[in-house]
Amino acid sequence: MTGVTDMNAASAAAAPHVPVLLEEVIDALAIAPGETHVDGTFGAGGYTKAILEQGAARVFAFDRDPEAIRYGEGLAASSGGRLTLVPERFSRMRQALSAEGVDAVDGVTLDIGVSSMQLDQAERGFSFQADGPLDMRMDQAGRSAADFLNQAGESEIADILFHYGEEPKSRRIARFIVAGRPIERTGQLADLVRKAVGHKPGMKKDPATRAFQAIRIHVNEELQELEGGLAAAEQVLAPGGRLAVVTFHSLEDRIVKRFLKERSGALPSRSRHLPAASETGPAPTFEAVARPVRAGEAELAANPRARSATLRAARRTAAPSWSGSKGVSPR
């Protein structure tokens, strides 16, 4: 998967299916020949190809989108049995790997967000750059974006826009959406949002960007999936295994940042007015947490989609995973 925001969709055709921060991700994974790796977000297969080229003995590539799995069949067929495609959410990697007889892996890569393949297809309904059915479902099953907007109450829609899109005019937009129902097309939704916010020619960012992001995140439960995926990676990584996560907006990055901070033992300083903290908590499960990495000028010039990308990486310790954890929430 090459995660991107709709903000960068206009330049999709110019840089199709380019893995973001590829060199930096491969460096963070430090792949040794014979290792087993997980690509939790296969998409167009960019990271998987690079991992195989580095000498990994086996790669398990996950994707909830049936089209991505079909797209990868050729690569799997030519891999000599080294690539296994898994049509599953990456939050279920532990169960899926166990079914394959694999208890631990040497690396996990997650590229969060919507893929360029999904954005580029108007019929998938992820982008307002071209009119299409208002769908947005990554796994092409369950409730679509149109279903949500046509059935949900005004307050629920406003809350989703505010929390997942950080939209300051969420309540006004929600009123326009409810008044404009039924909504079936991406162009129809974009026009409603623009009218609610006040769209002026030449604006740097289309007012519909945040709304589309929020609705997509909600429909696909993306933040919950990220939390579950991080916990699953903690469970399947062998001691010394590497985790590399690429995110594309602040909501995702805050979840990853907090997870690694918590799991590495780098908890916030306590007030001197509070009792001393107990030293009996769970041992850190990650170490060597790297500083966040962002795309350099050369990559930004070649691939505008990298503009909002952030890579965070860390190494698994030998400590037991924090069993029973429900993940962390963005703060």
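The rules behind each value
Residues numbered from 1 in each chain as written. Predicted model: local features only at pLDDT ≥ 70, side-chain atom pairs only at ≥ 80, totals over all residues. Heavy atoms only, no water. Patch = residues over 30% accessible without salt bridge, like charges linked within 9 Å, V, L, I, M, F, W, Y side chains within 5 Å. Areas by Shrake-Rupley, 256 points an atom, 1.4 Å probe, with all protein chains shown as cover. Salt bridge = Lys/Arg side-chain N within 4 Å of Asp/Glu carboxyl O. Lys, Arg positive; Asp, Glu negative; His and termini not counted. Charge placed at Lys NZ, Arg CZ, Asp CG, Glu CD. Helix = DSSP H or I, 4+ residues; strand = E, 2+ residues; numbered from the N terminus. Buried < 20%, exposed > 50% of the residue type's maximum accessible area, 1.4 Å probe, protein only. Core = buried A, V, L, I, M, F, W, Y, C linked by side-chain atoms within 4.5 Å. Contact = heavy atoms within 4.5 Å. Pairing = 2+ DSSP bridges. Axes fitted to C-alpha atoms, helices over the stretch in contact; angles between N-to-C directions. Parallel < 35°, antiparallel > 145°, perpendicular 65-115°, else oblique. Left-handed = near helix turned anticlockwise from the far one by under 90°. Nonpolar A, V, L, I, M, F, W, Y, C, P; charged D, E, K, R; others polar.

**Let's talk about a positive patch on the surface**
Alright, step 1. Together, K169, R172, R175 and K200 make up a region of like positive charge exposed at the surface.
Alright, step 2. With respect to the helices and strands, K169 occurs in the loop between α8 (154-165) and α9 (170-179).

**Considerations on helix α2 (residues 46-53)**
Alright, step 1. For α2, a buried count of six out of eight residues is recorded, marking the element as mostly surrounded by other parts of the structure.
Alright, step 2. Along α2, the residues that are buried comprise G46, Y47, T48, A50, I51 and L52.
Alright, step 3. Just downstream of α2, G55 is the residue with a positive phi angle, here 105°.

**Considerations on the nonpolar core**
Alright, step 1. Membership of the largest hydrophobic core comes to 62 residues, with the highest contact counts inside it found for M93, V108, L189, I215, L230 and L243.
Alright, step 2. It is helix α11 (residues 208-220) that contributes the most residues to this core, seven residues altogether.
Alright, step 3. Ignoring any residue separated from it by four or fewer positions in sequence, one finds I215 in contact with M136, A145, F148, L149, L161 and L189.
Alright, step 4. Formed by 25 residues, the second largest nonpolar core is a distinct cluster that contains A50, I51, I69 and L83.

**Things to note about the sheet that holds strand β3 (residues 58-62)**
Alright, step 1. Strand order in the open sheet formed by seven strands is β4-β3-β2-β5-β7-β9-β8, with mixed pairing between adjacent strands. Each edge of the open sheet is held by one strand with a lone partner, namely β4 (83-86) and β8 (286-287).
Alright, step 2. For strand β7 (residues 237-247) and strand β9 (residues 310-316), the ladder comprises six bridges, and the chain directions are antiparallel. The residue of β9 that forms the bridge with V246 is L311.
Alright, step 3. Against the sheet, α2 touches β2 (36-39), β3, β4, β5 (105-111) and β7, its axis set at about 175° to β3.

**What about the packing of α8 against α9?**
Alright, step 1. At a minimum axis separation of 8 Å, α8 and α9 run at an interaxial angle of 135°. Regarding the angle of α8 to α9, the classification is oblique. As for the relative orientation of α8 and α9, their crossing is right-handed in sense. Every residue of α9 that contacts α8 at E154, S155, I157, A158, D159, L161 and F162 is listed here: S170, R171, I173, A174, R175, I177 and V178.
Alright, step 2. Split into classes, the residues belonging to the contact of α8 with α9 amount to eight nonpolar, two polar and four charged.

**Here's the deal with the environment of P282**
Alright, step 1. Looking at the element boundaries, P282 is found in the loop between α13 (250-263) and β8.
Alright, step 2. When the C-alpha positions of P282 and P320 are compared, they lie 8.2 Å apart, and in sequence the two are 38 residues distant.

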